[in-house]
Amino acid sequence: QEKAMPAARPTTGGATPAISLCAGRRCWKNGAGLIISGAQAMAPPGLSVHTTGCCTECPPAAVIACDGPNTLGPKPLLLKARNEAEATRSAASLVARYAGAGQPRAVLPPSLLPVLLMCALGLNDFPARDSGLHAMWDFAEWSFEGALNPVGGDLDTCRIATQLMRSVSSDGRVRRWQWELRKQRGPPETASWFVESVGSSDRHGNFEVD
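Since the model is a prediction, treat every value here as computed from it, not as a measurement.

Remarks on the overall build of the chain
Of the regular secondary structure elements, the chain holds five helices and eight strands. Seen in sequence order, the chain has helices and strands lined up from the N terminus as β-α-α-β-β-β-α-α-α-β-β-β-β. In the chain, buried positions account for 36% of the 210 residues. Taking contacts inside the chain between residues at least 6 apart in sequence as the whole, the part at least 24 apart equals 55%.

Here is the structure:
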């Protein structure tokens, strides 16, 4: 389980923000190599990923990471890497905590994009407020079609609302999406709005009617 970690601290002198991972024998046995390669592949240009030698405090079943370019700091984060999928999630969580998901970039492989975006959403306010939400919009070419549509009333009284959106793929294909939002009737989170479903149009932009 991850230890709590503060938001990334800016390095002195305007240097590039950096994170370090222990590459000591025990951490390496615990999957440090997988986390390091994943973090380096996902890190945006403004974040530098470094490795260090044994910190003498290597945990028995985790990998140590912290902020800073050369040495392990006073409040390390313990990352799990029992398999490749867990190592990828740990790497994505580490990058998102310090730099969010960053901007679209050619060096980011598609296999790592979903987990990085989901970790950025999970850590929405790292490194700044709503960074995760901004990243989702940065990585998607979509726009709203019209205003939010309250069903059976206005937004103050209705319990269902829909919103049409349009997305454009990298090869220019257009698809429309209908988001259905519902207000929670009971606990937990009474009266909170949730995304109930997302419906996709066909390739012509039409929705099927059941």
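Some remarks on helix α5 (residues 131-138)
Within α5, burial applies to S131, G132 and A135. Take α5 and look down its axis: the buried residues cluster within an arc of 95°, on one side only. Those residues of α5 that are buried lie in contact with α4 (113-122).

Examining the pattern of salt bridges
According to the stated counting rule, one finds four salt bridges in the structure shown. As a salt-bridge pair, R82 and E86 come within 2.6 Å of each other at their nearest N and O atoms. Judged by its relative accessible area of 69%, R82 falls in the exposed class. A salt bridge links R176 to E145; the nearest nitrogen and oxygen atoms lie 3.1 Å apart.

Regarding the sheet that holds strand β2 (residues 48-52)
The strand order across the open sheet formed by four strands is β2-β1-β3-β4, and the pairing between neighbours is mixed. Each edge of the open sheet carries a strand with a single partner, namely β2 and β4 (77-79). Sheet twist, expressed as the average angle between the axes of neighbouring strands with direction ignored, equals 30°. As defined by bridge partners, strand β1 (residues 18-22) adjoins β2 across five bridges and the pair is classed as parallel. Its bridge partner being in β2, A18 is matched across the sheet by S48. Most of the contacts of helix α3 (residues 84-99) go to β4, to which it runs at about 155°, and overall it touches β1, β3 (63-67) and β4.

Some thoughts on the nonpolar core
Grouped burial of nonpolar side chains is what soluble globular proteins tend to show. Grouped together as the largest cluster of nonpolar side chains are 39 residues, with contacts concentrated most on L21, I35, M42, L79, L94 and L116. For this core, the leading source of residues is α3, giving seven residues.

Remarks on the sheet that holds strand β6 (residues 160-168)
Taken in spatial order, the four strands of this open sheet run β5-β6-β7-β8, and their pairing is antiparallel. The outermost strands of the open sheet, each flanked by one partner alone, are β5 (142-151) and β8 (193-200). Averaged over all neighbouring strand pairs, the angle between strand axes comes to 20°, with direction disregarded.

Analysis parameters
- Residue positions are given per chain, counting from 1 as you read along its sequence in written order.
- The model is predicted, so local features are restricted to residues of pLDDT at least 70 and side-chain atom pairs to those at 80 or more, both for listing and for counting; the totals for chains, interfaces and linings are taken over all residues.
- Just so you know, side-chain values use all the structure's heavy atoms and leave hydrogens and water out.
- Segments assigned H or I by DSSP are reported as helices when at least four residues long, segments assigned E as strands when at least two residues long, and all are numbered from the N terminus.
- Classification of residues uses two cut-offs on accessible area relative to the type maximum, computed with a 1.4 Å probe and protein chains only: under 20% is buried, over 50% is exposed, and between them is partly exposed.
- Contact between two residues is taken to exist if any of their heavy atoms lie within 4.5 Å; hydrogens are not considered.
- Arc definition: directions from the helix axis to the C-beta atoms.
- Salt bridges are counted wherever a side-chain nitrogen of Lys or Arg sits within 4 Å of a carboxyl oxygen of Asp or Glu.
- By definition, two strands form a pair when at least two bridges between them are found by DSSP.
- Axis definition: a line fitted to C-alpha atoms, over the contacting stretch in the case of helices. Angles run 0 to 180 degrees between N-to-C directions.
- Definition of nonpolar core: a set of buried residues of the types Ala, Val, Leu, Ile, Met, Phe, Trp, Tyr and Cys, connected through side-chain atoms within 4.5 Å.

Everything listed is a geometric property; what it means functionally is a separate question.
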